[in-house]
Amino acid sequence: MVRQILKDYHVKGGRMDQHFLVDIHALDSIAEAADLYPSDIVLEIGGGIGNLSERIAPKVSKLIIVELDPKMVAVLKSRLAVFSNVEIIHANVMDVDFTALGFNKIVANLPYSISSDITLKMLQHDFDAAVLMYQYEFAKRLVAPAGGKEYGRLSVHTQYKTDAAFLLKVPKGAFEPAPKVDSGVIKLSRKENAETAFTVQNEDFFFDVTKVMFAQRRKKIKNTLLAGASQLNMPNLKDGLDELGHESFNLPNSKLNEKNVTEILDMRAEELTPAEIAHLSDLLYQKKMNGTAQKTENENKNMNENETFKPDSDFVFEPEKFVVTVFGEVYEPAEDTYLTARAAAGLIAGTRQTDDAEKPFKVLEVGCGSGFISAYLLSEFGSDLNFTVQAVDVNPNAVACAQENGVPAVLSDLFEIFESGERFDIIVFNPPYLPTSQDEKVPGWLNYAFDGGVSGRETIDRFLKDVRKYLTPSGSFALLISSITGLEEVSAEMEKYGFSAEVIAAEKCSFEELMVILGTQL
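Thresholds, definitions, all that
- Residues numbered from 1 in each chain as written.
- Predicted model: local features only at pLDDT ≥ 70, side-chain atom pairs only at ≥ 80, totals over all residues.
- Heavy atoms only, no water.
- Helix = DSSP H or I, 4+ residues; strand = E, 2+ residues; numbered from the N terminus.
- Buried < 20%, exposed > 50% of the residue type's maximum accessible area, 1.4 Å probe, protein only.
- Contact = heavy atoms within 4.5 Å.
- Areas by Shrake-Rupley, 256 points an atom, 1.4 Å probe, with all protein chains shown as cover.
- Axes fitted to C-alpha atoms, helices over the stretch in contact; angles between N-to-C directions.
- Parallel < 35°, antiparallel > 145°, perpendicular 65-115°, else oblique.
- Left-handed = near helix turned anticlockwise from the far one by under 90°.
- Nonpolar A, V, L, I, M, F, W, Y, C, P; charged D, E, K, R; others polar.
- Arc of directions from axis to C-beta.
- Pairing = 2+ DSSP bridges.
- Disulfide = S-S within 2.5 Å.
- Right-handed = clockwise from strand over helix to strand, strands pointing away.
- Core = buried A, V, L, I, M, F, W, Y, C linked by side-chain atoms within 4.5 Å.
- Expected span 1.5 Å × (residues − 1).
- Phe/Tyr/Trp six-rings, centres within 6.5 Å; stacked < 30°, edge-to-face > 60°.
- Polar contact = N/O pair within 3.5 Å; in protein donor to acceptor, adjacent residues only side chain to side chain.

## Regarding the overall build of the protein
- Looking only at helices and strands, the protein features 20 helices and 16 strands.
- Among the 522 residues that make up the protein, the fraction classed as buried is 53%.
- Pairs at least 24 apart in sequence give 67% of the contacts found in the protein among residues at least 6 apart.
- Carbon together with sulfur atoms contributes 49% to the accessible area of the protein, which is approximately 23,100 Å² in total.

Here it is in structure tokens:
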């Protein structure tokens, strides 16, 4: 029946992250899991063609649907015209003020490219229950217990706010058109489990601490906190940690109850439960408010508000010492990643020294993979309030991984997601650059990280064709290539599209030389 609806309304999907759920059993299961009552007001995010909406509307007081695609809005208005309790809002859900809607439940087949952002937005609001469909790997992370690679920042935030349960796995064949990954449905319920419930002294600070701790999850907690001291607005954090060191952790019902804080700081973030991270956050917050860190907070207030970051021209960038989480079919950081990160950091530092430091400075990383480069740039320049990074990747696993590493990443094939007029000061791209024949392709999503086509330049040529449209008038790009790719060929292609080519970093590897080319507009 659902496929007939798609046919009747001439809907094909596949654009704007649209994959329509057509499996009747999955649709019924999602609606039933919401435990709908006549008094409920339900928010549905991404109504699509209304196949979930028609199951919700008859059972509730009001159904509010937020849909971005104008074509889907027209379909919804047509199909749901028989219901007087349906309100359709044509908008980007990230721009909608949830506080004005008055819902108590949420049901959604979420766009995977904004899974992290929309989840964090939902968790800022009170609701009785939410039944949500995500990319399968992402869904598992929301309900993951401490101790595993799936456990991360979003796990902690979700389990702080709600009791989270995994309901069912939905295969890719249940959608039209079929996505390239399976999906998972989870249910988030108002926190009622006394054993897992906990509170924090300052919620915003707790979220910041969690973000900092998982930004470099393979490092010890002490090192991650010190690296994120500016994000926590604790310039004397080292002194604060030293003062806390010999205090007992003293968290009832915790396996860490007998440890002191120094022992906790020698652990890794993934080893702590959400409640244990919250307790550590509270200890730090007390130190921030009452201890050594507070003494400098007022002294530095004017500097923090009025001064912007100015990098030291003699600063040495060492991305090899930086660590991020990598999971699934995502490219592991390697020599090309480190070389690109070092070159990009140097380019940004030099540009910011000669630029107007008061104006916004926007960086785009194309093909971000694990998000290593963007995360590293944020760690180096994130204290500059005018500095922002956006990342994109065609691999949904990479987007999820980058988001887990604290990077604002979205799903996009090169620049396809950006509207006309979007501009960046620097664009960084570590592309697939290896010449690849048909029998050399790698199975699965990793192929996108390696496969440069027969010439090794297929993706690079696509990038060069469009990159100027997304640069500010004085903007430039940093592009990594290999000697196998062909420096002369790439330089000639750059000149064709109006760019000068300059090698700003190079490194010899076993069978090739890696180079980062600076593209400057002629």
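From this point, the discussion proceeds with the structure in view.
## So, the packing of helix α8 (residues 203-215) against helix α12 (residues 274-290)
- Closest axis-to-axis distance for the α8/α12 pair is 9 Å, and the angle between their directions is 115 degrees. When the axes of α8 and α12 are compared, the pair comes out roughly perpendicular. Between α8 and α12 lies a crossing of right-handed hand. Between α8 and α12, the residues in contact are Phe205, Phe206, Val209, Thr210, Met213 and Phe214 and Pro274, Ile277, Ala278, Leu280, Ser281, Leu284, Tyr285 and Lys288, respectively.
- Residues of the contact of α8 with α12, tallied by class, amount to 11 nonpolar, 2 polar and 1 charged.

## Remarks on helix α19 (residues 458-466)
- Of all the residues in α19, the buried ones are Thr459, Ile460, Phe463 and Leu464. On an axial view of α19, the arc spanned by its buried residues comes to 135 degrees, and they lie on one face.
- Against β10 (361-366), β13 (424-429), β14 (471-482) and α20 (487-496) lie the buried residues of α19.

## Digging into the sheet that holds strand β12 (residues 409-411)
- The strand order β12-β11-β10-β13-β14-β16-β15 describes an open sheet built from 7 strands, whose pairing is mixed. This sheet does not close on itself; its edge strands, each paired only once, are β12 and β15 (499-508). Neighbour-to-neighbour, the strand axes of this sheet turn through a mean angle of 20 degrees, independent of strand direction.
- Relative to strand β16 (residues 513-521), β14 runs antiparallel, the two sharing 7 bridges. Paired with serine 476 across the two strands is threonine 520, which belongs to β16.
- Contacting β10, β13 and β14, α19 crosses the sheet at an angle of about 170 degrees to β14.

## As for the sheet that holds strand β7 (residues 162-170)
- On the basis of which strands lie adjacent, the open sheet formed by 7 strands has the order β4-β3-β2-β5-β6-β9-β7 and mixed pairing. If you trace the sheet from one side to the other, it starts and ends with β4 (86-90) and β7, each paired once. Strand-to-strand, the axes of this sheet are offset by a mean angle of 20 degrees, without reference to chain direction.
- Both strand β2 (residues 41-45) and strand β5 (residues 105-109) contribute to a ladder of 4 bridges, which runs parallel. Counted as the bridge partner of valine 42 is lysine 105 from β5.

## Focus: the state of the cysteines
- A full pass over the atoms with the stated rule returns 0 disulfides.
- The cysteine cysteine 368 is free of any disulfide, with cysteine 401 supplying the nearest cysteine sulfur at 8.6 Å.
- With a relative accessible area of 5%, cysteine 368 lands in the buried category.

## A short note on unusual backbone geometry
- One non-glycine residue, aspartate 35, adopts positive backbone phi at about 50 degrees.
- As for its position among the elements, aspartate 35 is in the loop between α2 (24-33) and β2.
- A positive phi angle is found at asparagine 250, which is not glycine, with a value near 55 degrees.
- The residue asparagine 250 is located in the loop between α10 (237-244) and α11 (261-265) in this model.

## A look at the pairing of β10
- Among the 6 residues that make up β10, 5 are buried, leaving the element largely enclosed by the rest of the structure.
- Two strands pair when backbone bridges link them, and β10 and strand β11 (residues 387-393) are joined in this way by 6 bridges, in the parallel orientation. From the neighbouring strand, lysine 362 faces β11, where its bridge partner is threonine 388.
- Regarding the hand of the β-α-β motif, the stretch spanning β10, helix α16 (residues 372-381) and β11 is right-handed.
- Bridge count for β10 against β13 is 4 bridges, and the pairing is parallel. Residue pairing for β13: valine 363 is matched across the bridge by isoleucine 426.

## Describing the nonpolar core
- Ranked by internal contacts, the top residues of the largest apolar core, which has 94 residues, are Ile45, Phe98, Phe415, Ile427, Phe463 and Phe477.
- Per-element accounting of this core gives the leading share, 9 residues, to helix α15 (residues 335-354).
- Filtering out sequence-adjacent residues up to four positions away, phenylalanine 463 remains in contact with Val366, Leu414, Phe415, Ile427, Phe429, Phe477 and Leu479.
- Counting residues in hydrophobic clusters, the runner-up holds 36 residues, among them Val209, Phe249, Val261 and Leu280.

## Points about α12
- Here α12 contains 17 residues, and its C-alpha end-to-end distance of 24 Å stays within 8% of the 24 Å for a straight helix at 1.5 Å per residue.
- Within α12, 13 of the 17 residues are buried, which leaves the element mostly enclosed by the surrounding structure.

## Details of the packing of aromatic side chains
- This structure, assessed with the given rule, holds 24 aromatic pairs.
- Arranged with centres 5.5 Å apart and planes meeting at 75 degrees, the rings of phenylalanine 322 and phenylalanine 372 form a pair that is edge-to-face. Of the two residues, phenylalanine 322 sits in the loop between α14 (301-306) and α15 while phenylalanine 372 sits in helix α16, which places them 50 residues apart along the sequence. For the residue pair phenylalanine 322 and phenylalanine 372, the accessibility class agrees, reading buried in each case.
- Residues phenylalanine 361 and phenylalanine 387 carry aromatic rings whose centres are separated by 6.2 Å and whose planes lie at 15 degrees to one another, so their mutual orientation is stacked. Of this pair, phenylalanine 361 sits in strand β10 while phenylalanine 387 sits in strand β11, and the two are 26 residues apart along the sequence.

## Regarding the side chain of arginine 79
- Tracing the backbone shows arginine 79 in helix α4 (residues 70-79).
- There is a polar contact of 2.5 Å between the side chain of arginine 79 and the backbone oxygen of isoleucine 49.
- A polar contact of 2.7 Å, which involves the side chain of arginine 79, links it to the side chain of glutamate 54.

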